[in-house]
Amino acid sequence: MAKVTVKDLNVKGKRVIVRVDFNVPHKNGVITDDNRIIAALPTINYLTENGAKVILLSHLGKVKTDEDKIKNDMSIVAARLAEVQSAPVKFVNATRGAELENAVAEMKEGEIVLMQNTRYEAGESKNDPELGAYWASLGDLFVEDAFGSVHRAHASTVGIPTHLPAAVGFLVEKELNVLGGALNDPQRPFVAILGGAKVSDKIGVIENLLKIADKVLIGGGMAYTFQAAEGKKIGTSLLEADKEDLARDFMAKGAGKLFLPVDTVIANDFDNPTDIKTVKAGEIPDDYMGLDIGDETIAEFKKALEGAKTVFWNGPMGVFEKPEFAKGTIEICKALAELDGATTIIGGGDSASAAKNLGYAEKFSHISTGGGASLEYMEGKELPGVAIIPEK
Ligand code: AMP
């Protein structure tokens, strides 16, 4: 069953509240990456072109103090939004009250109102029922298009659609189609590549993908917990000792499909590495730490990827922020970008930035806009902001 989409709604003349993901990175009032604004345009443009009055809601950053409010003022997004599409944009520096209500009442078809940061309201993250009902009272219809936030049950993602006819926007629809395709009906072989710092962040996704994928390749800092669990020497590498039993369990369940690094790039110090070398996995001297996968592992992982028809990648293979330890991530990214005839999916986060920074973004079938949401989806969890939208 598919979700109701924005195309199923009769939007002409209606006040349509759209939960977008405008949580863009910014520094000193300057947006450093406007991808999320651009990603929201298909839905926004469809609505303005079809005569809707478009009311946009999003969070921006974390808001706990008054200082956070100043830092995460949504007005910077309004300025950029006005530049990248043609409809008039009115920014309302309020999250409730007469100014907001009047701005909405004065809207004409095809116009846009962007509200101040939803997190200016303490009730947003608690899904305060009063807040959700109040925001819903500003509109006739609701569209969920903030994939990066659908794993959170907040007033703007779940509270509002409790009260209004609701649909998913084009961005959420695409994410669900691509990720859902990989999860429910993948073209095989399906290979998952998981990296990053901690096993604890990825337990659910490893568990679920070991059931669904044909191969699961594990790199990054979390690989060392697996090696420690086998009684191997990992030096001062990242270790979650309380996850060793779980790692053993995964290795037993995943026998034949779980691939771990066979060699590792090590260094004597994280901040100031003066001695860098490659050793066999599990043979790391006591005062060294593993910071990337080695060349043999790169070759093995590339071999495991040969012929793959679906690939899901989340998490770097090493400390890719430092050039000395970026090779594993770069090589895996390249190998994926060059795969022929495969659906290649990046589950957001650091792997998405790696692909973009390396100039390979266009070579992937899909780069998810929601790191946390795509991981939870691949874990097989229900996403509250999606569950609340009715099926067709
Ligand atoms: P995550 O958010 O879980 O995907 O983790 C990403 C972070 O993991 C990046 O900042 C990497 O620098 C870090 N990381 C990857 N491999 C290692 C490693 N071997 N040791 C320490 N940190 C690592």
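Worth saying up front: this structure is predicted, and the values here are computed from it rather than measured.

**What to know about the packing of aromatic side chains**
Given two aromatic rings, their pairing is described by the distance between the two centres and the angle made by the two planes.
Moving on, step 1. One pass over the full model with this rule turns up 2 aromatic pairs.
Moving on, step 2. Here Tyr46 and Phe170 contribute two aromatic rings whose centre-to-centre distance is 5.4 Å and whose plane-to-plane angle is 90 degrees, an arrangement assigned as edge-to-face. Here Tyr46, found in helix H1 (residues 35–49), pairs with Phe170, found in helix H7 (residues 170–184); they are 124 residues apart in sequence, far enough to count as distant.
Moving on, step 3. Note on Tyr46: relative accessible area 19%, which makes it buried.
Moving on, step 4. Aromatic pair Phe226 and Phe250: ring centres 6.5 Å apart, planes at 20 degrees, arrangement stacked. In this pair, Phe226 sits in helix H9 (residues 223–229) while Phe250 sits in helix H10 (residues 244–253), placing the two residues 24 residues apart along the sequence. Across this residue pair, the class does not change: Phe226 and Phe250 are buried.
Moving on, step 5. Between the NZ or CZ atom of Arg96 and the centre of the ring of Tyr134, over which it lies, the distance is 5.2 Å.
Moving on, step 6. A cation over a ring is seen here: Lys322 above Phe270, with NZ or CZ 4.4 Å from the ring centre.

**Some details on unusual backbone geometry**
Moving on, step 1. Look at the link from Arg188 to Pro189: it is a cis peptide, with omega at 0 degrees.
Moving on, step 2. One can find Pro189 in the loop between H7 and strand E9 (190–194).
Moving on, step 3. In this structure, Asn28 takes a positive phi of about 50 degrees despite not being glycine.
Moving on, step 4. Here Asn28 shows up in the loop between strand E2 (26–27) and strand E3 (30–31).
Moving on, step 5. For Asn28, a relative accessible area of 76% translates into the label exposed.
Moving on, step 6. Located in the positive-phi region is Asn127, a residue other than glycine, with phi close to 50 degrees.
Moving on, step 7. Mapped onto the fold, Asn127 is located in the loop between strand E6 (112–115) and helix H5 (129–136).

**Describing the sheet that holds strand E5 (residues 89–92)**
Moving on, step 1. Overall, parallel pairing links the 6 strands, which are arranged E5-E6-E4-E1-E7-E8 in an open sheet. Across the chains shown, the open sheet's two edge strands, defined by having one partner strand only, are E5 and strand E8 (166–168). Across the sheet, the mean angle separating the axes of adjacent strands is 25 degrees when strand polarity is ignored.
Moving on, step 2. On the sheet, helix H3 (residues 75–84) packs against strand E4 (53–57), E5 and E6 and is oriented at approximately 180 degrees with respect to E5.

**Concerning the site of the ligand**
Moving on, step 1. Ala197, Gly221, Gly290, Glu321 and Asp350 are the nearest of the 15 residues found near the ligand.
Moving on, step 2. At 3.1 Å, a side-chain N or O of Lys202 approaches an oxygen atom of the ligand.
Moving on, step 3. Starting from 500 Å² of accessible surface for the ligand in isolation, the protein chains cover 79%.
Moving on, step 4. Counted by class, the shell around the ligand contains 6 nonpolar, 6 polar and 3 charged residues.

**Considerations on the pattern of salt bridges**
Moving on, step 1. Summed over the entire model, instances satisfying the criterion amount to 23 salt bridges.
Moving on, step 2. Note that Arg36 is salt-bridged to Asp21, the shortest N-O span being 3.2 Å. Residue Arg36 is found in helix H1, and its partner Asp21 is found in the loop between strand E1 (15–19) and E2; the two are separated by 15 residues along the sequence.
Moving on, step 3. Residue classification places Asp21 among the buried residues on the basis of a relative accessible area of 5%.
Moving on, step 4. Between Asp249 and Lys253 there is a salt bridge, with the nearest N and O atoms lying 3.1 Å from each other. Taken together, the positions of Asp249 and Lys253, both in helix H10 and 4 residues apart, correspond to about one turn of that helix.
Moving on, step 5. When salt bridges that share partners are traced, they join Asp34, Arg80 and Glu83 into one network.

**Some details on the sheet that holds strand E10 (residues 215–218)**
Moving on, step 1. Taken in spatial order, the 6 strands make up an open sheet running E12-E10-E9-E17-E18-E19, and their pairing is parallel. Each edge of the sheet is formed by a strand with only one pairing partner; in this case those strands are strand E12 (258–259) and strand E19 (366–367).
Moving on, step 2. Where E10 lies against E12, 2 bridges are found, and the strand directions are parallel. Each bridged residue has a counterpart across the sheet, and for Val216 the counterpart in E12 is Leu258.
Moving on, step 3. Across the sheet, helix H11 (residues 295–305) touches E9, E10, E12 and strand E17 (310–314), and the angle it forms with E10 is around 160 degrees.

**Examining the nonpolar core**
Moving on, step 1. Grouped together as the largest cluster of nonpolar side chains are 60 residues, with contacts concentrated most on Trp135, Ile206, Leu209, Val216, Ile218, Phe226 and Met378.
Moving on, step 2. It is helix H8 (residues 199–212) that provides the largest number of residues to this core, a total of 7 residues.
Moving on, step 3. Counting residues domain by domain, this core receives three or more from each of domain 1 (6–172) and domain 2 (186–378).
Moving on, step 4. Ranked by size, the runner-up nonpolar core spans 31 residues in total, among them Val4, Tyr46, Leu56 and Leu114.

Rules behind the numbers
- Residues numbered from 1 in each chain as written.
- Predicted model: local features only at pLDDT ≥ 70, side-chain atom pairs only at ≥ 80, totals over all residues.
- Heavy atoms only, no water.
- Phe/Tyr/Trp six-rings, centres within 6.5 Å; stacked < 30°, edge-to-face > 60°.
- Helix = DSSP H or I, 4+ residues; strand = E, 2+ residues; numbered from the N terminus.
- Buried < 20%, exposed > 50% of the residue type's maximum accessible area, 1.4 Å probe, protein only.
- Lys NZ or Arg CZ within 6 Å of the ring centre and 35° of its normal.
- Pairing = 2+ DSSP bridges.
- Axes fitted to C-alpha atoms, helices over the stretch in contact; angles between N-to-C directions.
- Contact = heavy atoms within 4.5 Å.
- Near = heavy atom within 4 Å.
- Polar contact = N/O pair within 3.5 Å; in protein donor to acceptor, adjacent residues only side chain to side chain.
- Areas by Shrake-Rupley, 256 points an atom, 1.4 Å probe, with all protein chains shown as cover.
- Nonpolar A, V, L, I, M, F, W, Y, C, P; charged D, E, K, R; others polar.
- Salt bridge = Lys/Arg side-chain N within 4 Å of Asp/Glu carboxyl O.
- Core = buried A, V, L, I, M, F, W, Y, C linked by side-chain atoms within 4.5 Å.
- Domains from an automatic or database assignment.

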